[in-house]
Amino acid sequence: MSTIPKLLMPVVGLLLFLALWNGVAKTIDTSLGQFPGPAQVWEQSLTLINEHIAQRDKASDFYARQEERNAERLAKDPSFEPKIRPFTGAPTFFDQIWTSLYTVMVGFVIASIVAVPVGILCGLSRSAYSAMNPLIQIFKPVSPLAWLPLVTMVVSAVYVSEDPMFSKSFITSAFTVSLCCLWPTLINTAVGVSNIDSDLVNVSKVLRLKPLSHVQKIVLPASIPMIFTGLRLSLGIGWMVLIAAEMLAQNPGLGKFVWDEFQNGSSESLARIMVAVITIGIIGFLLDRLMLSVQRLVSWDKNAVLR
Amino acid sequence: MQSKHLELSQVGIDFPTPKGPFTALTDVNLKIAKGEFISLIGHSGCGKSTVLNIVAGLHTATTGGVILDGSEVREPGPERAVVFQNHSLLPWLSVYKNVELAVKQTQKNKSKKEIREWVMHNLELVHMTHALEKLPSEISGGMKQRVGIARALAMEPKVLLMDEPFGALDALTRAHLQDSLMEIHAELGNTVIMITHDVDEAVLLSDRIVMMTNGPSATIGEVLDVKLARPRDRLALADNPEYNHYRHEVLTFLYEKQKKVETVSSRQSAKKSSDSKKSNAA
């Protein structure tokens, strides 16, 4: 295929989808009004951007006023210790995107820190694998929604502090993400490690590499492609799980945005939810591309077709 | 056979199968002198690789054992370096780094400068100093095998074990590498045990050719002393009656005394190696 149709076909597909969406949306009437078509969604995304800008202006005004007042009081009374109160306005759509990204990354990193070493252990030792396998098979298909109440209660009971660094809803969401996105990395790492070319293992034996340098010099580099396949799947699952977790845990991210709009039930809610849906999709896609480029960067097998 | 350098005595091995133990090798006895070049030849599936793996320490013999310079072989180690059939270079390391890993691991008292010199020296032996920073995937099969040999030599092995080192190469590349190997052997005088399917290769390179009977329960059938003067020149030898006599001896052993009747199932599993054997015999 030449370059023009290569760019053309995705555009054609997209336009067809928009036309179909537009047509179908007009025929659906909900209790919150007509189902939003592309035009309404576009309008709402602009509204969300404007709301964000307005909120930022409000915040900077708020801080400016505080400083002005503090300066005045300091002029009158030099012993006065100025205090800056944080702005407590509602988070905007973009703040919520950041919260979601931050939460999913924390959950994903925790999961990876656990899954890669355990996966390597399972790949190296048949008995470790036999011991872990039933647990993996049972916990892998569990929905995040089933974990969530348990995680919530455990976090409430265990994470008690006067001045919490993180909010409970954040920790609950992040841990739920970890629990659900552990498995693909674990399984792929184990498979990657156990399938290392036996000749490479023999090279290691002839060189008498110690267990730690065997893992470091042979096992880890040899299984990097599979580990990254697992990590990409994990991040994808984590992102999906996060939205559900945020809805229930009330972590102020995209999941909460969707839930709040749903509860709010204004005539614009559906269009705003649709903006969130598309945003979630685009971010998920970008996260996957990001992992893919990291994978390309660290993988020694430059001939492998990665997609 | 003057000094006992490497000795295999009563070596046998059983592999467990669902139908009970399968005896792959029995009563393999062989004494190898220092600096000797030994070829193991036999039909595929006769246990040549198993013998080599036992000497390497990658397999443990069920009966008997291997003694190198007075101590028993119990595990793999760099004094018995292996050149694997498919080179098995680490694909994520450059040519230089592959050899360097072996040097760093086996000669820990060397300084940085000495490590570099030793790596370069071994890569010079195999004529590979022009591709130091290339990854294994970027060089040809013959080049990879050269690097594999350099890596094995860099471990300063007492015995160099080669498992069909040139089996996967085309005839011209193979001839080049055989010449290189003869040069290196003349210079360093390592003890070498090489597995081969190739009758010409065995006669050209070896001091002794160890011919193995067909499995199961394979063992050493005959040992042929090759008393051709070194250095050997493949062109001159092509017409040499003595050389042809040795070839004839090996061929007679392989195709008359140990004629292999292949069943369909064994043919499938051994297809690749028997294909190359046919072309070598032709």
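Given the structure is predicted, the values throughout are model-derived calculations rather than measurements.

Peer 1: Teacher, can you tell me more about the overall build of chain B here?
Peer 2: Counting its regular elements, chain B contains 10 helices and 10 strands. A compact globule built from 282 residues would reach a C-alpha radius of gyration of about 19 Å, and chain B, at 19 Å, matches this within 12%. Projecting the C-alpha coordinates of chain B onto the three principal axes gives extents of approximately 55 × 45 × 40 Å. Counting the 282 residues in chain B, one finds 40% classified as buried. Taking contacts inside chain B between residues at least 6 apart in sequence as the whole, the part at least 24 apart equals 71%.

Peer 1: When you look at the domain arrangement of chain A in this model, what are you seeing that I'm missing?
Peer 2: Where interface size is given, it is often the accessible area lost as the parts come together that is meant. Residues and elements named next belong to chain A. Domain boundaries assigned for chain A yield domain 1 (36-84) and domain 2 (92-298). The C-alpha centroid of domain 2 is placed 35 Å from the C-alpha centroid of domain 1. At the interface, 9 residues of domain 1 touch 9 residues of domain 2. A class-by-class count of the residues in the side of domain 1 that touches domain 2 yields 3 nonpolar, 5 polar and 1 charged.

Peer 1: Would you mind showing me how to read the nonpolar core here?
Peer 2: One broad trend across soluble globular proteins is that nonpolar side chains are buried collectively. With 77 residues, the main nonpolar core has B:Val55, B:Ala150, B:Leu161, B:Ile193 and B:Val250 as its most contacted residues. For this core, the element with the highest residue contribution is helix α4 (residues 141-154) of chain B, accounting for 7 residues.

Peer 1: Please explain the interface of chain B and chain A as it appears in this structure.
Peer 2: Chain B puts 18 residues into the contact, and the matching count from chain A is 15 residues. Secondary structure elements with two or more residues in the side of chain B that touches chain A: β6 (80-83) and α2 (95-106) of chain B. Sort the elements by how many residues they give to the side of chain B that touches chain A and α2(B) lands first, with 4 residues. Within the side of chain B that touches chain A, the residues separate by chemical class into 12 nonpolar, 6 polar and no charged.

Peer 1: I tried to follow the sheet that holds strand β2 (residues 20-32) of chain B on my own but got confused; where do I start?
Peer 2: Note on sheets: strands pair through backbone hydrogen bonds, and any given pair is parallel or antiparallel. Residue and element names in this part refer to chain B. If you walk across this open sheet you meet the 4 strands as β2-β1-β4-β5, and the pairing is antiparallel. The two strands at the open ends of the sheet, each matched to only one other strand, are β2 and β5 (71-72). The sheet contact formed by strand β1 (residues 6-17) and β2 spans 9 bridges and is antiparallel. Within β2, the residue paired with glutamate 7 across the bridge is lysine 31. On top of the sheet, helix α1 (residues 48-56) reaches β1, β2 and β4 (63-68); it is set at about 70° to β2, its chief contact.

Peer 1: Quick question: what am I supposed to make of the sheet that holds strand β10 (residues 220-225) of chain B here?
Peer 2: Residues and elements named next belong to chain B. Overall, mixed pairing links the 6 strands, which are arranged β6-β7-β8-β3-β9-β10 in an open sheet. The open sheet has two free edges, formed respectively by β6 and β10, since each of these has just one partner strand. Strand-to-strand twist of the sheet, defined as the mean angle between neighbouring strand axes without regard to direction, takes the value 20°. Bridge analysis of β6 against strand β7 (residues 159-163) gives 4 bridges, and the strand direction is parallel. The residue bridging valine 82 from the neighbouring strand is leucine 161, located in β7. Contacting β3 (37-41), β9 (208-212) and β10, helix α8 (residues 241-257) crosses the sheet at an angle of about 170° to β10.

Peer 1: How should I be thinking about the packing of α2(B) against helix α3 (residues 112-125) of chain B in this particular structure?
Peer 2: Relative orientation and spacing of two packed helices are given, respectively, by the angle between their axes and the distance between those axes. All names here are of chain B. Relative to each other, α2 and α3 sit at 120°, their axes nearing to 9 Å. Between α2 and α3, the angle is such that the two are oblique. Seen along the crossing, α2 lies across α3 with a hand that is right-handed. The segment α2 lies against α3, with Tyr96, Val99, Glu100, Val103 and Lys104 engaging Ile115, Trp118, Val119, Asn122 and Leu123. Tallied by class, the residues present in the contact of α2 with α3 amount to 7 nonpolar, 1 polar and 2 charged.

Peer 1: What should I look at first to understand the domain arrangement of chain B in this one?
Peer 2: Residue and element names in this part refer to chain B. According to the domain assignment, chain B contains domain 1 (6-79 + 158-281) and domain 2 (90-156). A separation of 26 Å is found between the C-alpha centroids of domain 1 and domain 2. Facing 11 residues of domain 1, the contacting portion of domain 2 comprises 11 residues. Per-element accounting of the side of domain 1 that touches domain 2 gives the leading share, 5 residues, to helix α5 (residues 171-188).

Peer 1: I tried to follow unusual backbone geometry on my own but got confused; where do I start?
Peer 2: Residues apart from glycine generally show negative phi values, whereas peptide bonds are mostly found in trans. Residue and element names in this part refer to chain B. Between arginine 230 and the following residue, proline 231, the backbone shows a cis peptide bond with an omega angle of -5°. Mapping proline 231 onto the fold places it in the loop between β10 and α7 (234-237). Its identity as a non-glycine residue notwithstanding, glutamine 10 has a phi of 50°, on the positive side. Residue placement: glutamine 10 occurs in strand β1.

Peer 1: What is the right way to read α2(B) from this model?
Peer 2: A turn of α-helix holds 3.6 residues, and therefore any two residues three or four places apart point the same way. Taking 1.5 Å per residue as the helical rise, α2(B) with its 12 residues ought to reach 16 Å, and the 17 Å between its terminal C-alpha atoms agrees with that figure. For α2(B), every residue scored as buried is listed here: B:Val95, B:Asn98, B:Val99, B:Glu100, B:Leu101, B:Ala102 and B:Val103. Looking at the buried side of α2(B), the elements it contacts are α8 (211-249) of chain A together with α3 and α4 of chain B.

Peer 1: What is the right way to read the environment of B:Gln258 from this model?
Peer 2: Residues and elements named next belong to chain B. With respect to the helices and strands, the residue glutamine 258 is situated in the loop between α8 and α9 (264-269). Given 18 C-beta atoms within 10 Å, glutamine 258 falls into the partly exposed group. Along the backbone, glutamine 258 and histidine 43 are 215 residues apart, and their C-alpha atoms lie at a distance of 8.3 Å. If we ignore the near neighbours within four places in the chain, the residues touching glutamine 258 are His43, Thr213, Asn214, Gly221 and Phe253.

Peer 1: Just to check I follow, could you spell out the packing of helix α5 (residues 144-158) of chain A against helix α6 (residues 168-194) of chain A for this structure?
Peer 2: All names here are of chain A. Between α5 and α6, the least distance of the axes is 9 Å, while the angle of their chain directions is 135°. Accordingly, the angle class assigned to the pair α5 and α6 is oblique. Between α5 and α6 lies a crossing of right-handed hand. Between α5, through Pro144, Trp147, Leu148, Val151, Thr152, Val155 and Ser156, and α6, the contact on the second element is made entirely by Lys168, Ile171, Thr172, Phe175, Thr176, Leu179 and Cys180. Each residue belonging to the contact of α5 with α6 can be placed in one class, and the counts come to 9 nonpolar, 4 polar and 1 charged.

The rules behind each value
- Residues numbered from 1 in each chain as written.
- Chains lettered and ligands numbered in written order.
- Predicted model: local features only at pLDDT ≥ 70, side-chain atom pairs only at ≥ 80, totals over all residues.
- Helix = DSSP H or I, 4+ residues; strand = E, 2+ residues; numbered from the N terminus.
- Rg over C-alpha atoms; globule rule 2.2 N^0.38 Å.
- Buried ≥ 20, exposed ≤ 12 C-beta atoms within 10 Å, placed from the backbone.
- Contact = placed C-beta atoms within 7 Å.
- Domains from an automatic or database assignment.
- Nonpolar A, V, L, I, M, F, W, Y, C, P; charged D, E, K, R; others polar.
- Core = buried A, V, L, I, M, F, W, Y, C linked by C-beta atoms within 7 Å.
- Pairing = 2+ DSSP bridges.
- Axes fitted to C-alpha atoms, helices over the stretch in contact; angles between N-to-C directions.
- Parallel < 35°, antiparallel > 145°, perpendicular 65-115°, else oblique.
- Left-handed = near helix turned anticlockwise from the far one by under 90°.
- Expected span 1.5 Å × (residues − 1).

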